[in-house]
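Residue strings, one per chain:
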Amino acid sequence: LGSALISLLIAYIMYRSYKSAYDMEQYRRTTSNAMAHDLKSPLAVISLYAENLKSGKNPEKNQYYMDGILNEVKAMNEQVASILDMAKAEDVNTELHKTKVDIGNIINTAADVYAETIKTKNIRLDIQGSCQIEAALMYQAVMNMMDNAVKYVTKDGKITVQMSNERLSIQNTSEPIPEDILKNIWNPFVKGDNSRHGHKGTGLGLSIVKTIMDRHGFICEMKNAGDGVEVKVDF
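These lines cover the structure that appears in this document, whether it is placed above or below. Please read these numbers as outputs of a predicted model, since none were measured by experiment. Residue numbers here run from 1 along each chain, matching the order of that chain's written sequence. The predicted nature of this model means local features are confined to residues of pLDDT at least 70 and side-chain atom pairs, given and counted, to a pLDDT of 80 or more, with totals for whole chains, interfaces and linings taken over all residues. Only hydrogens and water are set aside; all other atoms, that is, all heavy atoms of the structure, feed into the side-chain values.

Moving on, we get to the pattern of salt bridges. Criterion for a salt bridge: a side-chain nitrogen of Lys or Arg within 4 Å of a carboxyl oxygen of Asp or Glu. In this structure the tally under the stated criterion is seven salt bridges. Here D126 and K158 are joined by a salt bridge, their closest N and O atoms 4.0 Å apart. With a gap of 32 residues between them, D126 in strand β2 (residues 124–129) and K158 in strand β4 (residues 158–163) connect regions that are remote in the sequence. Exposed residues in this analysis have more than 50% of their type's maximum accessible area, buried residues have under 20%, and partly exposed residues fall in between, with area computed by a 1.4 Å probe over protein chains only. D126 sits in the partly exposed class, given a relative accessible area of 25%. Two residues, R167 and D234, come together in a salt bridge whose shortest N-O distance is 2.6 Å. Think of it this way: any DSSP run of H or I at least four residues long counts as a helix, any run of E at least two long counts as a strand, and we number them from the N terminus.

In structure tokens, the structure reads:
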């Protein structure tokens with residue numbers, strides 16, 4: 001009986017090891033395919049605009065083509081930067097150098113960064129409480145959370161930030177997220193219902209948040225709440 005139990009234990013450990021390796025390989029394949037797809041689209045646009053410039057058939061549209069090329073290059077740069085951020089967050093071999101972080105300062109920085117968008121969309125920003133924790137990579141994570149809130153908040157809507165040393169909550173007024181998307185929202189390259197709302201992005205922002213929080217042992221959650229969507233992190 002003892003030998004049988006030991007054999008079962010060894011088999012279980014081997015199964016978990018192989019399954020973990022298989023899941024990681026599947027994750028890498030899915031991520032690589034999504035990255036290739038997302039980079040392929042702007043490259044196609046750049047190629048088309050460059051061909052139009054080279055042909056000289058519509059010189060009156062040259063400025064339009066050049067602006068289009070610059071916009072697509074900017075989008076690709078943002079995509080690559082997000083991929084590098086994701087790789088950094090996922091690298092378990094990189095030690096987290098934790099320091100005291102004032103989450104309120106990051107929130108205020110985000111308010112300044114997105115001030116023009118907040119003004120244009122006539123958003124009310126309500127910041128409550130304070131929060132100081134020992135952590136690393138929090139600037140990237142919190143900025144990504146605020147970017148998501150500002151991007152999807154409805155015009156004339158409200159973003160409410162509530163902070164304590166135990167929790168950070170960011171809620172924005174917006175349409176509810178369909179459940180089939182919500183359950184996968186932390187996965188890489190899940191961009192929500194962008195086709196209907198016209199939002200562009202890398203689809204890595206929230207995945208980077210989740211990876212950073214997981215490395216700290218923090219619990220993050222996104223849910224439909226009231227007249228909007230809430231993202232919260234329990235420290």
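Next comes the rest of the write-up.
What counts as a ring pair is set by centres within 6.5 Å for rings of Phe, Tyr and Trp (its six-membered ring), and what kind of pair is set by the plane angle: stacked under 30 degrees, edge-to-face over 60, tilted for all other angles. For the structure on display, the rule yields four aromatic pairs. Ring centres of Y49 and Y64 lie 5.7 Å apart, and the angle between their planes is 65°; on these two criteria the pair is classed as edge-to-face. Remark: Y64 occurs in helix α2 (residues 62–90) and Y49 occurs in helix α1 (residues 2–55); sequence separation between them is 15 residues. Note on Y49: relative accessible area 14%, which makes it buried.

Buried within helix α3 (residues 103–113) we find I103, G104, I106, I107, A110 and A111. Projected down its long axis, α3 shows its buried positions confined to an angular sector of 160°, all on one face. Opposite the buried face of α3, by more than 90 degrees, sit the exposed residues D112 and V113. Under the rule applied, a polar contact is a pair of N or O atoms within 3.5 Å (in protein, one hydrogen donor and one hydrogen acceptor; residues adjacent in sequence only if both atoms are side-chain atoms). Residue D102 occupies the N-cap position of α3, its side-chain oxygen lying 2.9 Å from the main-chain nitrogen of G104. This arc is taken over the directions from the axis of the helix to the C-beta atoms.

Closest axis-to-axis distance for the helix α5 (residues 138–152)/helix α8 (residues 205–216) pair is 9 Å, and the angle between their directions is 140°. Between α5 and α8, the crossing angle belongs to the class labelled oblique. Viewed along their axes, α5 and α8 form a crossing whose handedness is left-handed. Across from M138, Q140, A141, N144, M145 and N148 in α5, the residues of α8 making contact are G205, L206, I208, V209, I212, M213 and H216. Amino acids outside the nonpolar list (Ala, Val, Leu, Ile, Met, Phe, Trp, Tyr, Cys, Pro) and the charged list (Asp, Glu, Lys, Arg) are all regarded as polar, and Gly is one of them. Of the residues belonging to the contact of α5 with α8, the class tally is eight nonpolar, five polar and no charged. For helices, the fitted axis covers only the stretch in contact; all axes are lines through C-alpha atoms, and the angles between them, taken along N-to-C directions, range from 0 to 180 degrees. The labels follow the angle: roughly parallel below 35 degrees, roughly antiparallel above 145, roughly perpendicular from 65 to 115, and oblique for the rest. Left-handed is the label given to a crossing in which the near helix is rotated counterclockwise from the far helix by less than a right angle, and right-handed is the label when the rotation is clockwise. The contact definition used throughout considers only heavy atoms, calling two residues in contact when any of these lie within 4.5 Å.

Our focus in this paragraph is a nonpolar patch on the surface. Like charges are joined within 9 Å and nonpolar side chains (Val, Leu, Ile, Met, Phe, Trp, Tyr) within 5 Å, but only among residues with over 30% relative accessible area and no salt bridge; these make up the patches. A 1.4 Å probe and the Shrake-Rupley method give the accessible areas. Residues count as covered only by the protein chains that appear here. A surface patch of nonpolar side chains, amounting to about 390 Å² of accessible area, comprises L1, L5 and L8. Among the structural elements, L5 can be located in helix α1.

Attention now moves to unusual backbone geometry. Phi at N122 is positive, roughly 55°, even though this residue is not glycine. On the basis of relative accessibility, which here comes to 46%, the residue N122 falls in the partly exposed class.

For K158, a relative accessible area of 28% puts it in the partly exposed group. For the pair K158 and G228, spaced 70 residues apart in sequence, the C-alpha separation works out to 9.2 Å.

Strand pairs in the sheet, formed through backbone hydrogen bonds, run parallel or antiparallel to each other. One open sheet holds the five strands; their spatial order is β2-β4-β5-β7-β6, and the pairing between them is mixed. A single partner strand is all that each edge strand has here, and the edge strands are β2 and β6 (219–225). Averaged over all neighbouring strand pairs, the angle between strand axes comes to 10°, with direction disregarded. Strands β2, β4, β5 (167–173), β6 and β7 (228–234) of the sheet are contacted by α5, whose axis makes an angle of about 15° with β5. In short, DSSP must find at least two bridges between two strands for them to pair.

Burial of the side chains of strand β3 (residues 132–135) is restricted to one face: I133 and A135 are buried, whereas none of Q132 and E134 on the reverse face is. Two elements, strand β1 (residues 99–102) and β3, share four bridges in a ladder whose sense is antiparallel. Across the sheet, V101 pairs through a bridge with I133, a residue of β3.

Let us look at the nonpolar core. Nonpolar cores are built from buried Ala, Val, Leu, Ile, Met, Phe, Trp, Tyr and Cys residues. Side-chain atoms within 4.5 Å join them into one set. In this structure, I103, M138, I170 and M222 are the most contacted members of the largest nonpolar core, which totals 43 residues. When residues no more than four places from it in sequence are discounted, the contact partners of M222 are N148, I177, L182, I185, W186, L206, V229, E230 and V231. By size, the runner-up hydrophobic cluster in this structure holds five residues, among which are I46, Y49, Y65 and M76.

This part is about the environment of Y152. Note on placement: Y152 falls in helix α5. In this structure the C-alpha to C-alpha distance between Y152 and T173, which are 21 residues apart in sequence, comes to 8.3 Å.

Coordinates in, geometry out; function isn't part of it.
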